[in-house]
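Notes for the structure review
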Amino acid sequence: MKINHLDLQKITARIFVLAGCSRTEAEIIAKHLIEANLTGHDSHGVIRVSHYVKWLGEERVFANKHARLITKGDSFAVFDGDFGFGQVLGEEVITAGIAMAKKSGLAIVGLRNSGHLGRIGDWAEMDGVAGLISIHFVNGNGFAILAAPFGGTDKRLSSNPICIGIPNGSKPLLLLDMATCQLSQGKAMVAKNEGKELPAGSVLDSQGKPTNDPNVLFLESAGAILPISPGHKGFGLSFLVEVLAGALTGSDTSSPESPTARCVGNGMLSIFIDQNRFGNNGEFLAEIDKLSTWVKASPPTTPGGEIILPGEPENRTRMERLKNGIDLDQETLRQFIRTARSVGVNDEEIRFITNQPVL
């Protein structure tokens with residue numbers, strides 16, 4: 001079912017207000033969840049609402065928290081999120097990093113003990129609007145262990161994403177936002193809700209055997225996601241992301257025995273670069289343009305195909321969904337409506353977005 005993004009955002013914010021968040025916090029959370037859907041990252045969109053509300057009720061994440069400064073210099077800072085909502089904390093620490101990078105040309109910001117940070121591409125896009133290059137590393141504290149190490153058969157690490165954003169003048173941001181394992185847990189959630197199989201070679205079951213079934217990742221004795229291929233390189237990236245985003249920032253690293261593993265926790269290390277300080281901004285953009293033209297001219301492997309640069313899929317999907325609406329599968333919509341009702345949203349409000357009898 002296709003739903004207008006503004007209608008979906010409005011009722012999502014309403015859910016979080018009724019769940020205990022301030023109006024401002026609820027609107028920030030809703031904005032970022034809907035932005036994930038708009039860019040095609042449904043794994044980090046409103047499919048997360050039921051989980052967030054459940055975690056809030058279980059005190060695994062806490063409403064109305066703000067980034068608390070731990071230490072700061074001219075070009076670095078570390079914040080503690082006290083397990084507040086990552087969408088709020090992310091905005092706050094990224095805003096601080098942008099200000100420092102604008103002043104010093106370079107900044108490094110650590111965030112420890114954040115609730116789920118959502119789509120990391122959001123933070124690179126904030127930096128891009130400010131005209132900054134950014135690099136982000138994210139780990140998990142042991143609450144959601146998902147990925148097997150290279151050569152292993154059970155889960156030991158989180159999805160440990162890396163995100164890089166590079167402003168490209170008047171053209172869309174060059175954006176890479178990727179897990180260091182074959183897929184994020186959210187993408188498995190989407191496949192599960194849609195009744196689809198996972199790509200071959202991406203997941204092991206609880207016995208360490210390959211499977212395409214997304215359900216194995218949500219059982220009590222859960223399977224594991226494999227590192228990106230080739231496996232030893234993907235695992236190497238994941239392990240070092242764990243060190244940078246976890247150990248360096250002061251977050252717990254991926255272990256069920258970590259002191260904070262009961263809470264939903266991410267650590268993030270963000271690097272901000274003002275490319276104008278390199279004294280070659282005109283040449284920088286011209287070189288990107290030259291490289292892009294050269295790469296896109298490669299003959300496609302399939303007739304009518306094209307070479308797509310990092311960030312182009314998100315930009316195209318956003319334009320299409322702004323025009324035609326966000327498509328939610330029936331199971332995700334059912335979960336969303338069930339959660340809305342559980343906090344007190346009435347059926348008239350729900351009917352407003354679905355434009356049909358409620359499920």
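Above this text you will find the structure in question.
What comes next is a walk through the structure.

What counts as what
In this numbering scheme, every chain counts its residues from 1 along its sequence in written order. Given that this is a predicted model, residues contribute local features only at a pLDDT of at least 70 and side-chain atom pairs are listed and counted only at 80 or more, while totals for whole chains, interfaces and linings are drawn from all residues. The basis for every side-chain value is the complete set of non-hydrogen atoms in the structure, without hydrogens or water. Classification of ring pairs rests on two measures: the distance between centres of Phe, Tyr or Trp rings, Trp counted by its six-membered ring, which must be within 6.5 Å, and the angle between planes, read as stacked under 30 degrees, edge-to-face over 60 and tilted in between. By definition, any uninterrupted DSSP run of H or I lasting at least four residues is a helix, any uninterrupted run of E lasting at least two residues is a strand, and each is numbered from the N terminus. Three labels apply to residues, based on accessible area from a 1.4 Å probe with only protein chains included: buried if under 20% of the type maximum, exposed if over 50%, partly exposed otherwise in between. For two strands to pair, DSSP has to find at least two bridges joining them. The definitions used throughout rest on a 1 Å grid laid over the protein atoms alone, on which a cavity is an enclosed set of points accommodating a 1.4 Å probe that cannot get out and a pocket is an open set flanked by protein within 12 Å on both sides along at least five of seven lines; lining residues are those having an atom within 4 Å of a point. Grid points are joined across faces, edges and corners, and a volume is the space filled by probe spheres set on the points. Under the scheme applied, nonpolar residues are Ala, Val, Leu, Ile, Met, Phe, Trp, Tyr, Cys and Pro; charged residues are Asp, Glu, Lys and Arg; polar residues are all the others, including Gly. Among buried residues, the Ala, Val, Leu, Ile, Met, Phe, Trp, Tyr and Cys ones that are joined through side-chain atoms within 4.5 Å form a nonpolar core. What counts as an axis is a line fitted to C-alpha atoms, over the stretch in contact for a helix, and the angles between N-to-C directions run from 0 to 180 degrees. Roughly parallel here means an angle under 35 degrees, roughly antiparallel means over 145, roughly perpendicular means 65 to 115, and every remaining angle is called oblique. Crossings are assigned a handedness: left-handed for a near helix turned anticlockwise from the far helix by less than a right angle, right-handed for a clockwise turn. What makes two residues a contact is simply this: any of their non-hydrogen atoms within 4.5 Å.

This part covers the packing of aromatic side chains. Aromatic ring pairs are reported here in terms of the distance separating the ring centres and the angle at which the planes meet. Considering all chains together, one arrives at six aromatic pairs under this definition. Ring plane angle 55 degrees and centroid distance 5.9 Å describe the contact between Tyr52 and Phe85, whose orientation is recorded as tilted. Taken together, the residues span a long stretch of sequence, with Tyr52 in helix H3 (residues 49-57) and Phe85 in the loop between strand S3 (76-80) and helix H4 (86-104) at a distance of 33 residues. The residues Tyr52 and Phe85 share a single accessibility class, namely buried. With 5.6 Å between their ring centres and 85 degrees between their planes, Trp55 and Phe143 make a pair best called edge-to-face. With Trp55 in helix H3 and Phe143 in the loop between strand S5 (133-140) and strand S6 (162-168), this residue pair connects regions lying 88 residues apart in the sequence.

Across the sheet, three strands lie side by side as S9-S8-S10; this open sheet has antiparallel pairing. Of all strands in the sheet, those bounded by a partner on one side alone are strand S9 (210-211) and strand S10 (224-225). Looking at chain direction, strand S8 (residues 203-204) and S10 are connected through two bridges and run antiparallel. Opposite Val203, over in S10, you have Ile225 as the bridge partner.

In this section: empty space enclosed by the protein. Inspection of the entire model under this criterion finds four cavities of 30 Å³ or more. The computed volume of the largest cavity comes to approximately 70 Å³. In this structure, the largest cavity is lined by Asn37, Asp42, Val46, Ile47, Val190, Glu194, Asp327, Leu328, Asp329 and Thr332. A breakdown of the residues in the lining of the largest cavity according to their chemical character gives four nonpolar, two polar and four charged.

The subject of this paragraph is the nonpolar core. Core analysis: the biggest nonpolar cluster contains 31 residues, and Leu8, Ile15, Phe16, Val49 and Phe85 have the highest contact counts within it. Contributions of two or more residues to this core are made by helix H1 (5-18), helix H2 (23-38), H3 and helix H10 (330-343). Looking at this core, the element that brings in the most residues is H2, giving six residues. In terms of nonpolar packing, the next biggest core, distinct from the first, is built from 23 residues, Ala77, Ile98, Ala107 and Val138 among them.

Between H4 and helix H5 (residues 121-129), whose axes approach to 10 Å, the crossing angle comes to 30 degrees. Comparing their axes, H5 and H4 come out roughly parallel. By crossing handedness, the relation of H4 to H5 is classed as right-handed. Note on element contacts: H5 touches H4 through Trp123, Met126 and Asp127, opposite Gly86, Gln87, Gly90, Glu91, Ile94, Thr95 and Ile98. For the contact of H4 with H5, the residue count by class is four nonpolar, four polar and two charged.

Before going further, it helps to examine unusual backbone geometry. Note that the residue after Ser229, namely Pro230, is joined by a cis bond; omega there is -10 degrees. The phi angle at Phe83 is positive, at roughly 60 degrees, despite the residue not being glycine. By secondary structure assignment, the location of Phe83 is in the loop between S3 and H4.

Interpretation note: all reported values are geometric properties and have no functional meaning in isolation.
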